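Notes for the structure review
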Amino acid sequence: MTKTAPYGTWTSPVTIDVLLKSGVKNDELFVDSVTSTIYHIEQRPNEGGRLVIVNTEKGTEVFGKEWSARTSVHEYGGAPAVAYDGVIYFSHFKDGRVYRVKEGGEPEPVTPENANYRYASFAVHPEQPHLLVAIREDHTNPQPSAVQNILCVIDTKNSTVAELVTGADFYAGPCFTPDGKHIAWQQWYHPDMPWEGSEIHVADVTADGSSLTLSNDKHVAGKRIDISAAYPVWASNDLLLFVSDESGYHNPWKYSISTGKASAVLPVPLAEDFAEPMWRLSYTFFAPLDLEGKTAIFSVLSEGRSVLYLVSLSGGTFEQLDCPYVNVACLLRVTDNSIIFLGQAYDEAERIVLCRINDYAKPHFAPVNAAAASDDLPFGREYVSIPRSITLTVPETGEPVHILFYPPVNPDYVAPAGEKPPAIIMAHGGPTSRSTPALSLKVQYYTTRGFAWVDVNYGGSSGFGRKYIKRLEKNWGLVDVNDCAVAATQLSAAPHSLIDPARLAITGGSAGGYTVLMALCTRPDVFAAGTSSYGISDLVKLGEFTHKFESQYLFKLVGGTNEEVPEVYAARSPVKLAGNIRAPLLVLQGSEDAVVPPEQAELIVANIKKRGGRVEYTVFEGEGHGWRKAENIKTALLQEIGFYEDVFGLRK
């Protein structure tokens, strides 16, 4: 029987235990290009956040409990492992060394001891498989400006490492042609992030039993500051596939060794992104369906969700495939006409999905392992809130604001007549990132209790083209904050009238946490509460202490260095504006966070406490930029919802 109860007080089947049980997260996938064996890397909160390599079809772990396949290259890591002909190479997080292991065997090191070195993004030479090309990041001098990134050669027979390509500030995605005669990679320089200006290079390879060298290095696409060319992958021994945003959107491009020319695959560019910003080295969004340069499949962002396009690389034609998954990530080739990816739907947990395509027939999707096939939701789909994609308009400029609105849903309850729900306004991190419409149990935790949830893909978010990303250039702390306020105020007023204007909370982590703090400082009339998780409070300190990968990202976002525009740093640092905060604030922080150190949080907490404001502060010992341990995930979630229940007077 349906009960009547105020929004925010409903009893939900989405419990903390449900969230933690689902806590085993598939971090990424990789495929053995010789055997076609599929592996995935699981993040396990109940094992201290350890990252475990698993044979996906068998469900068996590759190594014992003392090992963790994780790297901190660029701090965000990704691509810590590769498999080739039954041999797996991986970066072990504890010591940073690269290890070799066969399933059922014991890992053995193939790089020298050196705690200052980090490795990622491995490519195995197909003719000399004991030679690996990888990124090496050298922290001998830990100052961000002194950290050195190169492409190196690892000789796994002799456990030696040699420099291969140097000179750029960053590298990604080294990959060999199937015959091993050529290599491609991506590189970029400060002050660019890889989605702003990055280059694709191709070189000839000479490899024998003892060495691997390059010649004829050619810059084939991309331009500093202006054009991002990214994610190289070989479609044949002659044809390299990548994406470029020369048109304003990341569209597919190709480069032919035989002609020496790069060109767009599509005759007319599409106003859709065929890739996303490279925050992690493991990101992949397309793959060739054969190794003859004929066809490829792409995960494309269209109206805020992923769609699959089958693309002819020679003719430039494409067709959209029917696909039930609204978020597709880590897309990789398995065999001719089959791919693997991490797929998320509106109403089911993430799955490792094998997709087979034969002669342009309807694609067949199937979970790879038995565990995935039976891993259904522990509650009925009638409890799932399906998001509505809504585009709002900034009144002053006419610019769009893209949001995802999740209404409260619980078939066991209705709210009293005329009541509007409290709402959580979510500012994603990055800031050059996006919120997806895929099922999130955290979102459902709130919506089944009678809260509305609003994901704001504010100006600066990815997935809507280069121009939308550049809305945030020089305007961080302004455009993002204003767009969140636009979402809150317009959704709570006619003609939408979906949420209660008096019960609006804003939440976010990292860059999203910064948006939270700035919103509470500069728009105190809009939000009644806020939660900042590892958020930035002082732009000056951020500029001084942030790691190399993002060390100059800030300068574009605010328009210069602190020496060049000190007034901007002062005006957009929440710690300087904390006197304006009227709403209660919850601050959650990791003690080992290298991206946003604890000092950032403590500055603003001390400021608010000094003047008697309400602020709650929790430090999670041993955690970095986000929570990996089950007990901390649980504590953070309970603290946050309890905080809102108290502020909004919802305690039962």
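Please refer to the structure higher up on the page.
First, a word on scope: everything that follows refers to the structure included in this document. (Residues numbered from 1 in each chain as written. Predicted model: local features only at pLDDT ≥ 70, side-chain atom pairs only at ≥ 80, totals over all residues. Heavy atoms only, no water.)

This brings us to the overall build of the protein chain. Scanning the protein chain for helices and strands turns up 12 helices and 38 strands. Radius of gyration (C-alpha) of the protein chain: 24 Å, near the 26 Å computed for a compact globule of 652 residues. Principal axes of the C-alpha set define a box for the protein chain whose edges measure 75 × 60 × 50 Å. Counting only residues that meet the buried cut, the protein chain has 61% of its 652 residues in that class. (Helix = DSSP H or I, 4+ residues; strand = E, 2+ residues; numbered from the N terminus. Rg over C-alpha atoms; globule rule 2.2 N^0.38 Å. Buried < 20%, exposed > 50% of the residue type's maximum accessible area, 1.4 Å probe, protein only.)

With that out of the way, let us pick up helix H6 (residues 511-522). The terminal C-alpha atoms of H6, which comprises 12 residues, lie 16 Å apart, in line with the 16 Å expected from a rise of 1.5 Å per residue. Within H6, 11 of the 12 residues are buried, leaving the element largely enclosed by the surrounding structure. Among all positions of H6, only Ala-511, Gly-512, Gly-513, Tyr-514, Thr-515, Val-516, Leu-517, Met-518, Ala-519, Leu-520 and Cys-521 are buried. (Expected span 1.5 Å × (residues − 1).)

With that out of the way, let us pick up the environment of Tyr-89. Relative to the helices and strands, Tyr-89 is located in strand S7 (residues 87-91). Sequence separation between Tyr-89 and Glu-108 is 19 residues; the distance between their C-alpha atoms is 9.5 Å. Once residues lying within four places of it in the same chain are set aside, the contact partners of Tyr-89 are Pro-80, Ala-81, Val-82, Val-98, Tyr-99, Arg-100, Val-110, Val-124, Pro-129, Leu-132 and Thr-156. (Contact = heavy atoms within 4.5 Å.)

One finds Phe-298, Ile-403, Ile-425, Val-456, Trp-476, Phe-527 and Leu-539 to be the most contacted residues of the largest nonpolar core, which totals 107 residues. Look past the residues within four positions of Phe-298 in its chain and what remains in contact with it is Leu-241, Val-243, Pro-252, Phe-274, Phe-285, Phe-286, Val-307, Leu-308, Tyr-309, Val-311 and Leu-331. If you look at the next biggest cluster of nonpolar residues, it comprises 35 residues, including Ile-16, Leu-377, Tyr-406 and Phe-451. (Core = buried A, V, L, I, M, F, W, Y, C linked by side-chain atoms within 4.5 Å.)

With respect to the helices and strands, the residue Ser-537 is situated in the loop between strand S36 (529-533) and helix H7 (539-545). With a relative accessible area of 0%, Ser-537 lands in the buried category. Not counting the four nearest positions on each side in its chain, Ser-537 is found in contact with Leu-517, Ser-573, Pro-574, Val-575, Gln-600, Ala-601, Leu-603 and Ile-604.

The subject of this paragraph is unusual backbone geometry. Glycine aside, residues mostly have negative phi, and peptide bonds are mostly found in the trans state. In this structure, the amide linkage connecting His-190 to the following residue, Pro-191, adopts the cis form with an omega of 5°. Located in the positive-phi region is Lys-474, a residue other than glycine, with phi close to 70°. Within the element layout of this structure, Lys-474 appears in the loop between helix H4 (466-470) and helix H5 (479-491).

All right, on to the side chain of Asn-26 then. Here Asn-26 is to be found in strand S2 (residues 25-31). A relative accessible area of 13% means that Asn-26 is categorised as buried. Only 3.4 Å separates the side chain of Asn-26 from the side chain of Glu-350, close enough to count as a polar contact. Residue contacts for Asn-26: discarding those within four places in its chain leaves His-40, Ile-41, Glu-42, Leu-342, Glu-350 and Ile-352. (Polar contact = N/O pair within 3.5 Å; in protein donor to acceptor, adjacent residues only side chain to side chain.)

The next point concerns the pairing of strand S18 (residues 229-234). Across the 6 residues that make up S18, a large majority, 5, are buried. Here 4 bridges tie S18 to strand S19 (residues 239-244), and the two strands are oriented antiparallel to one another. From the neighbouring strand, Ala-230 faces S19, where its bridge partner is Val-243. (Pairing = 2+ DSSP bridges.)

What follows is about the pattern of salt bridges. Across all of its chains, the model carries 31 salt bridges by this definition. In this structure, the salt-bridge partner of Arg-44 is Glu-47, at a minimum N-O distance of 3.3 Å. The buried category is assigned to Arg-44, whose relative accessible area is 11%. For Glu-47, a relative accessible area of 30% gives the class partly exposed. A salt bridge links Lys-556 to Glu-196; the nearest nitrogen and oxygen atoms lie 3.1 Å apart. Residue Lys-556 is located in helix H8 (residues 553-558), and its partner Glu-196 is located in the loop between strand S15 (182-188) and strand S16 (199-207); the two are separated by 360 residues in the primary sequence. Several salt bridges share partner residues, and in doing so they unite Glu-42, Arg-44, Glu-47, Arg-50, Glu-61 and Lys-65 into one network. (Salt bridge = Lys/Arg side-chain N within 4 Å of Asp/Glu carboxyl O.)

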